[in-house]
Each structure stands twice: as structure tokens, then as C-alpha cells.
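Breakdown of the fold
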Amino acid sequence: MQNRIDINADPLVEIRNLRFVRGKRPIFDGVDLDIQRGKVTAIMGPSGTGKTTLLRLIGGQIRPHQGSIKFCGEEVPSLSLRRLYQLRKRMGMLFQSGALLTDINVFDNVAFPLREHTDLPERMVRDLVLMKLQAVGLRGAIDLMPSELSGGMARRVALARAIALDPMMIMYDEPFTGQDPISMGALVQLIRLLNDALGLTSVIVSHDVKETAAIADYIYILSQGKVVEHGSTEDLMKSSSPWVQQFMNGLPDGPVPFHYQAPDYQDDLINLGMEKE
Ligand SMILES: Nc1ncnc2c1ncn2[C@@H]1O[C@H](COP(=O)(O)OP(=O)(O)OP(=O)(O)O)[C@@H](O)[C@H]1O
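Here the structure is a predicted model, which is why all the values come from computation and not from measurement.

**A look at the site of the ligand**
Arg22, Arg25, Ile27, Pro46, Ser47, Gly48, Thr49, Gly50, Lys51, Thr52, Thr53 and His207 make up every residue found near the ligand. One of the side-chain nitrogen or oxygen atoms of serine 47 is found 2.4 Å away from an oxygen atom of the ligand. Separating an oxygen atom of the ligand from a side-chain N or O atom of threonine 52 is a distance of 2.9 Å. Expressed as a share of its isolated accessible area of 640 Å², the protein-covered part of the ligand is 60%.

Shown next, in the form of C-alpha cells:
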């Protein structure tokens, strides 16, 4: 398949010195990260590191406390609501919880963003819906209700809906969760195939290291507010870095701490004893 990547082009998403805090806890503390056009980029890291938060920052749903987040050269946190709305049409999102609307059929679910965001005549909406469902292999399921779909099929219909408006980029949050090995294999291939065939840029947040590494061109590993490693999938696979080793191989011991950030244990016990007295 023809590869449309222009490696000299600016990154589609450019993040610099990102700082984002929840309460007193810094979720991101000086993160630099690029999403290259045409590529599949994976964001990995231990649970609670802020991977979903990062996607929400890129999508402009939340704002950083410091730093720059550019999409297509535009500073996302500074955009007006109207411009942000337009920009979001160019970003497809497939969230794990991004359920289909249960009281309308597959056709109407995929047609939903087209009817919502465009003035296209119904005839053209129909052609586009058929095209998107064909791309995910579910044209035959057009009349089914969401309750009649398997989990894997529902995820693929959600994918057809996410590409309905021909976005430039699609962000997947845990796309493989809850899938049996066969649907997982199909989804993995589909994400890569759609990326290349539609000239998309894809960002995947996932804990499924093997599946994600199989289709990612580039991987970022986040931990404790920082990018701890990044590189091409090939290079990371060969890396002896303890972060990479621990994360890629799911090792319990390594630089990633088991405990959520907490006050000193001794101090906590002493304080607890004093409170009881
Ligand atoms: N709305 C919120 N209010 C307060 N804290 C939040 C909120 N959403 C997330 N957090 C906190 O921010 C941190 C990052 O959460 P996030 O969901 O981005 O992590 P994650 O890396 O995607 O986790 P996982 O891999 O488990 O899905 C977590 O410590 C979480 O407790």
C-alpha cells in the first residue's frame, strides 16, 4: 500500500513543556511529545499515569496549567469554543466507554455525526455510511440494533462512526479492552489498515503491549509526570532501559513504583496513633 507519510512535515500534534496538575499532584510535569502525521503512535505507561488525561488535553476538553499543545499548528488551549468545535471534527475519538446510542440502529449511529455536523443530503449520508461500514467489514450489519452486536462488532461500528467525518487523526483509548483474541486481532489489523488506507494519524493509549507494539510506529512511555522513554517500536523493543524492560515485559519490579504517591509510612502510622489517643 502506498505510504503517504511525508517525514519532513511538521508533526500533527506538538506538545512542549506540558504541565497539568490535579489537586496538588502533578499529572504532567514538563512533557514534550510529538505525534507524527500518517503514523500510529502509542502512549503507554502504568495505570493512573495520565494517558487518558493526555488525550483529553489534546482534544481541548481540559486545559493545561502550563505549556503548549499544538494541533495542525494551532494552539489548542487558546482556541475559541467555535474554533475548537471545528477542530474536534478533525479528531476522531474512540473511547472504551464510547458506547453506541442504544435506541437507534447501526446505520443511524454511523450517520449521526454526518447529520449533526454537515448539511449533506440524505442520499449522500447513506453512501458515506455504507462506505464507512464497508471499511470496518460491517456493511451487512446496517439494520442491526446495538443490542444485537457482539462487543467486537460494537467497537467496529463505533470506529465507523469515529471516521464518518473523515478526521485527520483518530485517538483510541484502550481499544482492545474486553475483546476476545479474535476480535482483538481483527481490531488491531483494522486500526493499522484504516490508518494507512485513509491517510490518518493514529494515537493509541493501551495496556495491551503486544497488540499495540504490533501496529505502532512510535512509542512513548509515560511515568510519574514525565516521558521516561520514547522511540520507534523497533528501537524500543531492543532497548535495555529498565523502564522499557519493566513495561514491555510486565515485570512487577523495576523503576515504576507499585505504590500510589503517599506520605511516609512511618509518619502516617505515628500520626494515626496520635489521632487515636
Ligand atoms: N476528573 C478527575 N478529577 C480528579 N482526578 C482525576 C480525574 N480524572 C483523572 N484523575 C486522576 O488523574 C490521574 C490520571 O488519570 P488518567 O485516567 O488520565 O490515567 P491513565 O493513565 O489513563 O490510567 P489507566 O491506565 O488506569 O486508564 C489519576 O491519578 C486519576 O486519579
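**Notes on the nonpolar core**
Residues Val129, Leu133, Val136, Leu159 and Ile219 are the most contacted members of the largest nonpolar core, which totals 49 residues. Per-element tally for this core: the top contributor is helix H6 (residues 181–197), with six residues. Each of domain 1 (8–89 + 166–177 + 189–244) and domain 2 (95–165) gives at least three residues to this core. In this structure, valine 129 is in contact with Phe107, Val110, Ala111 and Leu114, ignoring residues within four places of it in sequence. Ranked by size, the runner-up nonpolar core spans 29 residues in total, among them Leu12, Leu54, Met171 and Val205.

**What to know about the side chain of glutamine 179**
Turning to its location among the elements, glutamine 179 is positioned in the loop between strand S7 (169–173) and H6. By relative accessible area, which is 12% here, glutamine 179 ends up buried. Setting aside residues up to four positions removed in sequence, glutamine 179 forms contacts with Gly151, Gly152, Arg155, Met184 and Leu187.

**Quick look at the pattern of salt bridges**
By the definition in use, this model includes eleven salt bridges. Between aspartate 34 and arginine 16 there is a salt bridge whose closest N-O contact spans 3.0 Å. Here arginine 16 lies in strand S1 (residues 13–22) and aspartate 34 lies in strand S2 (residues 25–35), a separation of 18 residues in the sequence. The salt bridge involving lysine 132 is made with aspartate 166; its shortest N-O contact spans 2.6 Å. Taken together, the residues span a long stretch of sequence, with lysine 132 in helix H4 (residues 122–135) and aspartate 166 in the loop between helix H5 (151–162) and S7 at a distance of 34 residues.

**Looking at the domain arrangement of the chain**
With domains assigned, the chain is organised as domain 1 (8–89 + 166–177 + 189–244) and domain 2 (95–165). Using only C-alpha atoms to locate each centre, domain 1 and domain 2 end up separated by 25 Å. Each partner contributes to the interface: domain 1 provides 16 residues, whereas domain 2 provides 13 residues. Between domain 1 and domain 2 the total buried area reaches about 1,400 Å² when both faces are included, carbon and sulfur atoms providing 62% of it. Per-residue buried area on domain 1 facing domain 2 is highest for Lys89, Asp166 and Leu190; these three make up 34% of the total on that side. Across the domain 1-domain 2 interface, the total number found is one salt bridge. There are six residue pairs in polar contact (both at pLDDT 80 or more) connecting domain 1 and domain 2. The set of elements that each furnish at least two residues to the side of domain 1 that touches domain 2 consists of S7 and H6.

**Examining the sheet that holds strand S5 (residues 74–75)**
Spatially, four strands are ordered S2-S1-S4-S5 in an open sheet, and the strand pairing comes out antiparallel. Single-partner strands in this sheet number two, and they are S2 and S5. Direction of pairing for strand S4 (residues 66–71) relative to S5: antiparallel, over a ladder of two bridges. Considered in S5, the bridge of lysine 70 is made with glutamate 75.

The rules behind the values
Residues numbered from 1 in each chain as written. Predicted model: local features only at pLDDT ≥ 70, side-chain atom pairs only at ≥ 80, totals over all residues. Heavy atoms only, no water. Near = heavy atom within 4 Å. Polar contact = N/O pair within 3.5 Å; in protein donor to acceptor, adjacent residues only side chain to side chain. Areas by Shrake-Rupley, 256 points an atom, 1.4 Å probe, with all protein chains shown as cover. Core = buried A, V, L, I, M, F, W, Y, C linked by side-chain atoms within 4.5 Å. Buried < 20%, exposed > 50% of the residue type's maximum accessible area, 1.4 Å probe, protein only. Helix = DSSP H or I, 4+ residues; strand = E, 2+ residues; numbered from the N terminus. Domains from an automatic or database assignment. Contact = heavy atoms within 4.5 Å. Salt bridge = Lys/Arg side-chain N within 4 Å of Asp/Glu carboxyl O. Buried area = accessible area lost by both parts, 1.4 Å probe. Pairing = 2+ DSSP bridges.

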